[in-house]
Amino acid sequence: MAICYQTPLKPTTFTRRHNHHNNHHLSPQKSNSFTTHLSLSSSSSQTHHPDLHLSSKPEPEPVLATVRSFAPATVANLGPCFDFLGCAVSGFGDHVSLSVDPRTPAGQLSISSISGDPSSKLSLNPLHNCAGIAALAAMKSLNIRSLGLSLSLHKGLPLGSGLGSSAASAAAAAVAVNALFGSPLSDLDLVFAGLESESKVSGYHADNIAPAVMGGFVLVQSYQPLTLVKLDFPAEKDLIFVLVTPEFEAPTKKMRAALPKEITMSHHVWNSSQAAALVAAVLKGDVIRLGKAMSSDTVVEPRRAPLIPGMEAVKKAAIEAGAFGCTISGAGPTAVAVVDKEEVGRVVGERMVAAFRDEGGLGATAVVQRLDRVGARVVESVAL
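Residues numbered from 1 in each chain as written. Predicted model: local features only at pLDDT ≥ 70, side-chain atom pairs only at ≥ 80, totals over all residues. Heavy atoms only, no water.

For the protein, the name recorded in an unreviewed UniProt entry is Homoserine kinase, with Saponaria officinalis as its organism. Under the heading Catalytic activity (unreviewed entry), UniProt records this for the protein: "L-homoserine + ATP = O-phospho-L-homoserine + ADP + H(+)". Quoted verbatim from the Pathway (unreviewed entry) heading of the UniProt record, the comment on the protein is "Amino-acid biosynthesis; L-threonine biosynthesis; L-threonine from L-aspartate: step 4/5." (UniProt positions renumbered as here; feature names shortened; annotations may be inferred.)

So, in structure tokens, the structure goes:
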């Protein structure tokens, strides 16, 4: 059985989330729908949540007619914490709208529309769409058989950016399905549903999907069983992220292929100590120590940085402008720096954009955002 932990390190049962209601409106959406039944592959050799397999447990009744959910961008790896630590970032992410649809056959899911900048690259087939795969997994976990559901996706995150685009879609979809039926699934259940999606896209790793669902910083202690540790950054402390995304796509599979198969003992010891320092910095709210540790990866960043034009100059420019640290967000190409004041963050962002332009020949955009402590949530709903 999978175990979840929350600091201080003691077993915790995640309770169902409270719905957050706001009035938001989706932008105009495009085209045609695609329907599929609950037929996720179970061929993966990785650990799967037992509830994702169809069972004889009672099927819940829907409590909402429609629901709109949001899941934030995430930053994974954070330098030395490759594949086992990530955090959620406020301000931007993906939205999913979900409803009971009498036109969709019972037990099936249709994707009616996809909107947002990268929508033309995404499939309406739920079996080939991150939101669709996660929604199907959540439906399977709930044993939904008598109703059909219709989903629409609005992408607020660019594809292949290193900001957890696939995880945001998956988290928003899983949360929407859960909320439609009264939120009986735990956060851990929702992470498992998202992992079904992530495993099809970039591999079975939870350092994006866990913080996308749970918010804040989440450490993946193990996968067999899946053990997650929520790290609470002190509420009274400020942590500001400067995220600079160049006009350059870095597919996760390509960036993972650049990684070394073996590392030296000295690199192992160094990266382990920096990862431990980073975790300690998060728990203490020590942004300076967090930045230093984030900048100290000797295993992954040295292999990936040369594949992102201008990245080394961008990191140097960020630190010279006042950032406490800078590294690649996830697989890239987004560069992430940390500061403790928004005004400093704006200056750092300008310098990083200039470095991408001058040294990498790339246009880039900068955003300055805070830590998202909530994770995926409902933003609007309509009762039955």
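Next comes the rest of the description.
Participant: Would you mind going over the overall build of the protein with me for this structure?
Facilitator: Counting secondary structure elements, the protein contains 10 helices and 14 strands. Within the protein, the proportion of its 384 residues that are buried is 56%. Residue pairs in contact within the protein that sit at least 24 positions apart in sequence constitute 78% of those at least 6 positions apart. Summing over all exposed atoms, the protein offers an accessible surface of approximately 15700 Å²; the carbon and sulfur share of this is 53%. (Helix = DSSP H or I, 4+ residues; strand = E, 2+ residues; numbered from the N terminus. Buried < 20%, exposed > 50% of the residue type's maximum accessible area, 1.4 Å probe, protein only. Contact = heavy atoms within 4.5 Å. Areas by Shrake-Rupley, 256 points an atom, 1.4 Å probe, with all protein chains shown as cover.)

Participant: Would you take a moment to explain the environment of N178 for this structure?
Facilitator: Among the structural elements, N178 can be located in helix α2 (residues 165-180). Counting along the chain gives 39 residues from N178 to M139, while the straight-line C-alpha distance between them is 8.1 Å. Beyond its immediate stretch of four places on either side in the chain, N178 contacts L142, S183, P184, L185 and L190.

Participant: Help me understand the sheet that holds strand β10 (residues 240-246), please; the structure alone is not making it clear to me.
Facilitator: The strands that make up a sheet pair up through hydrogen bonds in the backbone, lying either parallel or antiparallel. Strand order in this open sheet of 4 strands is β11-β12-β10-β13, and the pairing throughout is antiparallel. The strands lining the two open edges of the sheet, one partner per strand, are β11 (325-328) and β13 (364-370). Averaged over all pairs of adjacent strands, the angle between their axes in this sheet comes to 20°, without regard to strand direction. Inspection of the sheet shows β11 paired to strand β12 (residues 335-339) by 4 bridges, in the antiparallel sense. The residue bridging I328 from the neighbouring strand is A335, located in β12. Contacting β11 and β12, helix α7 (residues 287-294) runs over the sheet at an angle of about 155° to β12. Here helix α9 (residues 311-320) sits on the sheet and contacts β11 and β12; the angle it forms with β11, its principal contact strand, is near 160°. (Pairing = 2+ DSSP bridges. Axes fitted to C-alpha atoms, helices over the stretch in contact; angles between N-to-C directions.)

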